[in-house]
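# Observations on the three-dimensional arrangement
Each chain, written out:
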Amino acid sequence: MHTFGPDNATLTVRTKRLGAASKAGHDLLIEVTSWSATLDEQSITLTADPSSLRVLEGTGGMMTLGDDDKAGIAQTIDDEVLKRIPIEFRSTSVEPGPGRVTGELELGGERRTVDFELASEGGRITGTVILKQTDWGMKPYSALFGTLKVADEVEVAIDARLP
């Protein structure tokens, strides 16, 4: 069994911007700073603290994101999007390799089935899944009377080093 967390892996979320005022906004790279996962040949579990998301960078936009902007975004995600509800994933099937993983993701108090691929190469395990916020009952963030929006689809990625 392997155990992962911020000490030996990264868990990130990427968002994109949409709308008529999208040039004013930023595509974000967000890191989950408090989480843990276990992996063995038959199962994967992951829990994450929704209040631990931190904006690493914002690309695009008319102005550079400062530390106060990044903190404000993290607070909005915590208060309005994830609402401080713990995030949990439990696999229901894991193909050897690792390979294809199917399981139940609880996000924002809603539980849905997700499928994704895990790759193992050079002592690392990597995987990415695209999630639609509205599938979990979340309304993508918008500003400027809806002319600046976060895209419904966000990318969640893991990059872990095997011991």
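Each chain carries its own residue numbering, running from 1 in the written order of its sequence. With the structure being a predicted model, the display of local features is reserved for residues of pLDDT at least 70 and the display and counting of side-chain atom pairs for 80 or more, all residues being used for whole-chain, interface and lining totals. The basis for every side-chain value is the complete set of non-hydrogen atoms in the structure, without hydrogens or water.

## A look at the overall build of the protein
We count a stretch as a helix when DSSP gives it H or I for four or more residues in a row; a strand needs E for two or more, and each element gets its number in order from the N terminus. A count of helices and strands for the protein gives one helix and 14 strands. To get the radius of gyration, use the C-alpha atoms; to get the globule rule, take the number of residues to the power 0.38 and multiply by 2.2 Å. Here the C-alpha radius of gyration of the protein, 16 Å, is about what a compact globule of 163 residues would show, namely 15 Å. Once the C-alpha set of the protein is aligned to its principal axes, its extents read approximately 50 × 30 × 25 Å. Summarising the internal contacts of the protein: among those between residues at least 6 apart in sequence, 56% fall at separations of at least 24. Taken as a whole, the protein presents about 9300 Å² of accessible surface, with 51% of it coming from carbon and sulfur. In this tally, Lys and Arg are treated as positive and Asp and Glu as negative; His is ignored, and so are the chain termini. Positions of charges follow a simple convention, taking NZ of Lys, CZ of Arg, CG of Asp or CD of Glu. Here the protein holds 17 positive side-chain charges and 26 negative ones, and the gap between their average locations is 6 Å. Throughout, a contact is declared for two residues whenever any of their heavy atoms are within 4.5 Å. Only the protein chains shown count as cover for residues, with accessible areas throughout obtained via the Shrake-Rupley method and a probe of 1.4 Å.

## Some words on the nonpolar core
Joining through side-chain atoms within 4.5 Å is the link that ties buried Ala, Val, Leu, Ile, Met, Phe, Trp, Tyr and Cys residues into a set, and such a set is a nonpolar core. Buried means the residue's accessible area, taken with a 1.4 Å probe over protein chains only, is under 20% of the maximum for its type, while exposed means over 50%, and partly exposed covers the values in between. Ranked by internal contacts, the top residues of the largest apolar core, which has 37 residues, are Phe-4, Trp-35, Leu-82, Phe-89, Leu-105, Leu-107 and Leu-131. Considering each element in turn, this core owes the most residues, four residues, to strand 14 (residues 153–161). Not counting residues up to four positions away in its chain, the partners in contact with Trp-35 are Phe-4, Gly-5, Pro-6, Ala-9, Thr-10, Leu-11, Leu-46, Thr-47, Ala-48 and Ile-158.

## Describing the side chain of Asp-78
For Asp-78, the location among the structural elements is in helix 1 (residues 67–81). Beyond its immediate stretch of four places on either side in the chain, Asp-78 contacts Pro-50, Ser-51, Lys-83 and Arg-84.

## A few points about the sheet that holds strand 6 (residues 44–48)
Judged by pairing direction, the sheet is antiparallel, and its 11 strands sit side by side in the order 1-5-6-8-9-10-11-14-2-4-7 without closing on themselves. Single-partner strands in this sheet number two, and they are strand 1 (2–4) and strand 7 (53–59). Pairwise comparison of adjacent strand axes, ignoring direction, gives a mean angle of 20° for this sheet. Bridging between strand 5 (residues 35–39) and strand 6 involves five bridges; their strand directions are antiparallel. When the sheet's bridge partners are listed, Thr-38 is paired in strand 6 with Thr-45. With axes taken as lines fitted to C-alpha atoms, and helix axes fitted only over the stretch in contact, angles between N-to-C directions fall between 0 and 180 degrees. Most of the contacts of helix 1 go to strand 7, to which it runs at about 125°, and overall it touches strand 4 (27–32) and strand 7. Any two strands with at least two DSSP-identified bridges between them are counted as paired.

## Describing the environment of Asp-159
Counting through the fold element by element, Asp-159 comes out in strand 14. What makes Asp-159 partly exposed here is its relative accessible area of 22%. Separated by 150 residues in the primary sequence, Asp-159 and Ala-9 place their C-alpha atoms 5.5 Å from one another. Setting aside its immediate chain neighbours within four residues, Asp-159 contacts Asn-8, Ala-9, Thr-10, Arg-124, Ile-125 and Thr-126.

## A word on helix 1
Taking 1.5 Å per residue, 15 residues should reach 21 Å; helix 1 reaches 20 Å between its end C-alpha atoms and fits that length. Listed in full, the buried residues belonging to helix 1 are Ala-74, Ile-77, Asp-78 and Val-81. The arc that holds every buried residue of helix 1, seen down its axis, measures 125°, which confines them to one face. Of the exposed residues in helix 1, the ones pointing more than 90 degrees away from its buried face are Asp-68 and Glu-80. Among the structural elements, strand 4 and strand 7 are those in contact with the buried residues of helix 1. An expected span of 1.5 Å times one less than the residue number is assigned to each helix. Arc definition: directions from the helix axis to the C-beta atoms.

## A look at the pairing of strand 10 (residues 110–121)
Direction of pairing for strand 9 (residues 100–107) relative to strand 10: antiparallel, over a ladder of eight bridges. Bridging from a neighbouring strand, Gly-103 pairs with Val-114 of strand 10. Hairpin geometry of strand 9 and strand 10 is characterised by an intervening segment of two residues between the two adjacent antiparallel strands and by a positive phi of about 65° at Gly-108. Across five bridges, the pairing between strand 10 and strand 11 (residues 124–132) is antiparallel. Along strand 11, the bridge assignment pairs Ala-119 with Thr-126.

## Re the confidence of the model for the protein
Looking at the protein as a whole, its pLDDT mean stands at 87, while 91% of the residues score no less than 70. The lowest-confidence element of the protein is strand 12 (residues 142–143), averaging 66 in pLDDT; the highest-confidence one is strand 6, averaging 96. As a per-residue quantity, pLDDT reports the predictor's confidence and falls between 0 and 100.

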